[in-house]
Amino acid sequence: VCALFDARRDEVYAACYRFPALEGCETVIEPGARRLEDLLAEALPHAPLFAGAGALLHAAAIAGAGGAVAPAGSLGVAGAYGESPSPTERRDPGM
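To keep things clear, this report deals only with the structure shown in the data block. All values derive from a computational prediction rather than experimental measurement.

Further remarks concern the environment of His 46. The residue His 46 is located in the loop between α1 (36–43) and β4 (49–51) in this model. You can call His 46 partly exposed: its relative accessible area is 44%. With 30 residues separating them along the chain, His 46 and Cys 16 place their C-alpha atoms 9.4 Å apart. Apart from residues lying up to four places away in sequence, His 46 is in contact with Arg 18 and Val 28.

Right, dumping it as structure tokens:
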């Protein structure tokens, strides 16, 4: 999963994680600001799901590069303008 937020100035703030066998979390790409093109070049070999307001904002570019974007409201992801999902959209993953 790559979480993206718009950092302005043609950059995104992103971090990418992997959850091997759901037994923990590994950082694949450390959190930080970078150009979207650079992030895609680094992240796409890992086939992540891009999520967050930045992913929705840049969905066309991500899809055009072969990436997948989580729909607004899925995974508890805020919409394109930062609104929170409604209580009926939230899912309890068994926590």
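So, on to the state of the cysteines. On inspection of all chains with the given rule, the structure shows 1 disulfide. Cys 2 shares a disulfide with Cys 16; S-S distance 1.8 Å. Here Cys 2 and Cys 16 share a disulfide; its torsion about the S-S bond, 110°, makes the bridge right-handed. Within this pair, whereas Cys 2 is found in strand β1 (residues 2–8), its partner Cys 16 is found in strand β2 (residues 11–18), the two being separated by 14 residues in sequence.

Another aspect to go through is the environment of Gly 54. As for its position among the elements, Gly 54 is in helix α2 (residues 53–57). Using a relative accessible area of 0% as the deciding quantity, one classes Gly 54 as buried. The spacing of Gly 54 and Asp 6 is 48 residues in sequence and 4.7 Å in space, taken between C-alpha atoms.

Rules behind the numbers
- Residues numbered from 1 in each chain as written.
- Predicted model: local features only at pLDDT ≥ 70, side-chain atom pairs only at ≥ 80, totals over all residues.
- Heavy atoms only, no water.
- Helix = DSSP H or I, 4+ residues; strand = E, 2+ residues; numbered from the N terminus.
- Buried < 20%, exposed > 50% of the residue type's maximum accessible area, 1.4 Å probe, protein only.
- Contact = heavy atoms within 4.5 Å.
- Disulfide = S-S within 2.5 Å.

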